[in-house]
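Examining the three-dimensional arrangement
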Amino acid sequence: AVVSTQSTGEAFSSVFVREPFGPLPKDCYLTNDETCDPIVITEDDVYHQLCKVNIFKSMGPDDIHPKLIRSLADNSHFVRSLTLLYRKCVEDCKIPSLWKTANVI
């Protein structure tokens, strides 16, 4: 039997609906012709985020314990290196795939 494009479209139209915006502010969801303000990452920002790491959480897929990450907040060389890494990710518009994984139990 030949199925028309229209009937196929009607059958799957409920699956392909416009989803509401996610947890980020609506401004973060831009189309290709829109631009946003540049992202600025400072060593101070990285330091403060490292200080907020919950040391009672379990390790992620990188097998680095949060207690170690938190303790490195006071190491200026580590903070500087991490800041440069984050800036490079923003500059290249790429995030390492490992950063997108999690251990879900």
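Residues numbered from 1 in each chain as written. Predicted model: local features only at pLDDT ≥ 70, side-chain atom pairs only at ≥ 80, totals over all residues. Heavy atoms only, no water.

**Observations regarding the nonpolar core**
As a reminder, the rule being used: Here, nonpolar core means buried Ala, Val, Leu, Ile, Met, Phe, Trp, Tyr and Cys residues that are tied together by side-chain atoms lying within 4.5 Å of each other. Burial classes: relative accessible area under 20% of the type maximum marks a residue as buried, over 50% as exposed, and values in between as partly exposed (1.4 Å probe, protein chains only). Helix and strand definitions follow DSSP, with helices as H or I runs of at least four residues and strands as E runs of at least two, each counted in order from the N terminus. The criterion used for residue contact is that any of the two residues' heavy atoms lie within 4.5 Å.
Counting residues in each nonpolar core, the largest one holds 6 residues, listed as Ile41, Val46, Leu50, Ala73, Val79 and Leu82. Elements supplying a minimum of two residues to this core: α2 (43-51) and α4 (76-92). Ignoring sequence-local partners within four residues, the contact set of valine 46 consists of Ile41, Val79, Leu82, Thr83 and Tyr86.

**Points about the packing of α2 against α4**
The following threshold applies: Lines fitted to C-alpha atoms define the axes, with helix axes restricted to the stretch in contact, and inter-axis angles between N-to-C directions lie between 0 and 180 degrees. Our angle categories are set so that under 35 degrees counts as roughly parallel, over 145 as roughly antiparallel, 65 to 115 as roughly perpendicular, and the remainder as oblique. Crossing handedness is defined as follows: a turn of the near helix away from the far one that is anticlockwise and smaller than a right angle gives a left-handed crossing, while the clockwise case is right-handed. All amino acids are sorted into three groups, where Ala, Val, Leu, Ile, Met, Phe, Trp, Tyr, Cys and Pro are nonpolar, Asp, Glu, Lys and Arg are charged, and the leftover types, Gly among them, are polar.
Running from N to C, α2 and α4 point in directions that differ by 110 degrees, and their axes come no closer than 9 Å. As far as their axial angle goes, α4 and α2 are roughly perpendicular. The way α2 lies across α4 gives a crossing that is right-handed. Mapping the contact onto sequence places Glu43, Val46, Tyr47 and Leu50 in α2 and Phe78, Val79, Arg80, Leu82, Thr83, Tyr86 and Arg87 in α4. When grouped by side-chain class, the residues that make up the contact of α2 with α4 number 7 nonpolar, 1 polar and 3 charged.

**A word on unusual backbone geometry**
Residues other than glycine seldom take positive phi values, yet aspartate 63 does so here, at roughly 60 degrees. Within the secondary structure, aspartate 63 sits in the loop between α2 and α3 (66-71). Of note, cysteine 93 is a non-glycine position whose phi angle comes to about 55 degrees, a positive value. Here cysteine 93 lies in the segment after α4.

**Focus: the side chain of threonine 83**
In this structure, threonine 83 sits in helix α4. What threonine 83 contacts, discounting residues up to four positions off in sequence, is Ile41, Thr42, Glu43 and Val46.

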